[in-house]
Amino acid sequence: MHEATLTIGQLAHRSGVAQSALRYYERLGLIHAARTGGNQRRYARTELRRVAFIRISQQVGVSLEEIREALDSLPSGRTPSPDDWAALSRAWRDRLDERIRLLGKLRDDLDGCIGCGCLSLQRCALYNPGDSLAAEGPGARLMLPRPDQG
C-alpha cells in the first residue's frame, strides 16, 4: 500500500529531479508541500504530475515564470481533472506551435550552415552585416519573427 504523501527524497527519486530543484520549485510556488510537526516536507502524490509537467515544459524552452502562470490556472483545492489539463493545453497551443515552427526553422537553417561551412555569408541565415538589425531588439533577429511580420 502506498503512503498518502511523499518525502522530498521520495519525490526526488520518483521524479528524477534533485531535491535542491524541488525546494527551488517550492520557493517559486510551482509545487506545494505540507509540513510535519518536525517541519519536514510532505508532498501529495499529485505533485509528481506537476513536477513532470515542469520538467517537460523546461525541456522545450518554457520559462519557469510561464510554467508558474500555467500551474496557477489549475485548481488549488483539488486534484486537477483531465478537463483542467486540457484547458491549460489549449491556452499553450499557439505558444507551443510557434516554438515548434522556430525549432524547425533552426534545424533547417543549421543544415544549410553545416553544408556551407559559413563560406557564403551572402546566403547565411544568421549573418547580420554591420549589426543592421540591432534596432529591432536583442537576439537572433533573422531567426525570430520580424516586427513587420506580425
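Note that the structure is a prediction, hence the values are computed from the model and not measured.

Thoughts on helix α3 (residues 47-59)
Point 1. Over its 13 residues, α3 runs 18 Å from end to end, which matches the ideal 18 Å to within 8%, given 1.5 Å per residue.
Point 2. Among all positions of α3, only Glu 47, Leu 48, Arg 50, Val 51, Phe 53, Ile 54 and Ser 57 are buried.
Point 3. At the exit of α3 stands Gly 61, carrying a positive phi of roughly 95 degrees.

Observations concerning the packing of aromatic side chains
Point 1. As enumerated under the stated definition, the model contains two aromatic pairs in all.
Point 2. Through successive ring pairs, a cluster of aromatic residues spans Phe 53, Trp 85 and Trp 92.

Some words on a nonpolar patch on the surface
Point 1. The grouping of Leu 103, Leu 106 and Leu 110 at the surface amounts to a nonpolar patch, some 250 Å² of accessible area in total.
Point 2. Positionally, Leu 110 belongs in helix α5 (residues 82-116).
Point 3. Judged by relative accessible area, Leu 110 falls into the partly exposed class, the value being 37%.

Here we look at unusual backbone geometry
Point 1. Phi at Asn 39 takes a positive value of approximately 65 degrees, unusual for a residue other than glycine.
Point 2. One can find Asn 39 in the loop between β2 (34-35) and β3 (41-44).

Remarks on the confidence of the model for the protein chain
Point 1. Averaged over all residues, the pLDDT of the protein chain equals 83, while 77% of them reach at least 70.
Point 2. The spread of mean pLDDT over the elements of the protein chain runs between α5, the lowest at 82, and helix α2 (residues 19-28), the highest at 97.

Regarding the pairing of β3
Point 1. In this structure, strand β1 (residues 5-6) lies alongside β3, joined through two bridges in antiparallel fashion. Bridge assignment links Thr 5 to a residue of β3, and that residue is Ala 44.
Point 2. Both β2 and β3 contribute to a ladder of two bridges, which runs antiparallel. Paired with Arg 35 across the bridge in β3 is Arg 41.
Point 3. Between β2 and β3, which pair antiparallel in sequence order, lie five residues; one of them, Asn 39, sits at a positive phi of approximately 65 degrees.

Focus on helix α4 (residues 64-72)
Point 1. Buried within α4 are the following residues: Leu 64, Glu 66, Ile 67, Ala 70 and Leu 71. Buried residues of α4 fall within an arc of 155 degrees about the axis and therefore sit on the same side.

Describing the packing of helix α1 (residues 8-15) against α3
Point 1. Running from N to C, α1 and α3 point in directions that differ by 50 degrees, and their axes come no closer than 10 Å. With respect to each other, α1 and α3 are oriented oblique. Along this stretch, α1 crosses α3, giving a crossing that reads as right-handed. Side by side, α1 and α3 meet where Leu 11, Arg 14 and Ser 15 of the first sit next to Glu 47, Leu 48, Val 51 and Arg 55 of the second.
Point 2. The class makeup of the residues in the contact of α1 with α3 is three nonpolar, one polar and three charged.

Calculation notes
- Residues numbered from 1 in each chain as written.
- Predicted model: local features only at pLDDT ≥ 70, side-chain atom pairs only at ≥ 80, totals over all residues.
- Heavy atoms only, no water.
- Helix = DSSP H or I, 4+ residues; strand = E, 2+ residues; numbered from the N terminus.
- Expected span 1.5 Å × (residues − 1).
- Buried < 20%, exposed > 50% of the residue type's maximum accessible area, 1.4 Å probe, protein only.
- Phe/Tyr/Trp six-rings, centres within 6.5 Å; stacked < 30°, edge-to-face > 60°.
- Patch = residues over 30% accessible without salt bridge, like charges linked within 9 Å, V, L, I, M, F, W, Y side chains within 5 Å.
- Areas by Shrake-Rupley, 256 points an atom, 1.4 Å probe, with all protein chains shown as cover.
- Salt bridge = Lys/Arg side-chain N within 4 Å of Asp/Glu carboxyl O.
- pLDDT = per-residue confidence, 0-100.
- Pairing = 2+ DSSP bridges.
- Arc of directions from axis to C-beta.
- Axes fitted to C-alpha atoms, helices over the stretch in contact; angles between N-to-C directions.
- Parallel < 35°, antiparallel > 145°, perpendicular 65-115°, else oblique.
- Left-handed = near helix turned anticlockwise from the far one by under 90°.
- Contact = heavy atoms within 4.5 Å.
- Nonpolar A, V, L, I, M, F, W, Y, C, P; charged D, E, K, R; others polar.

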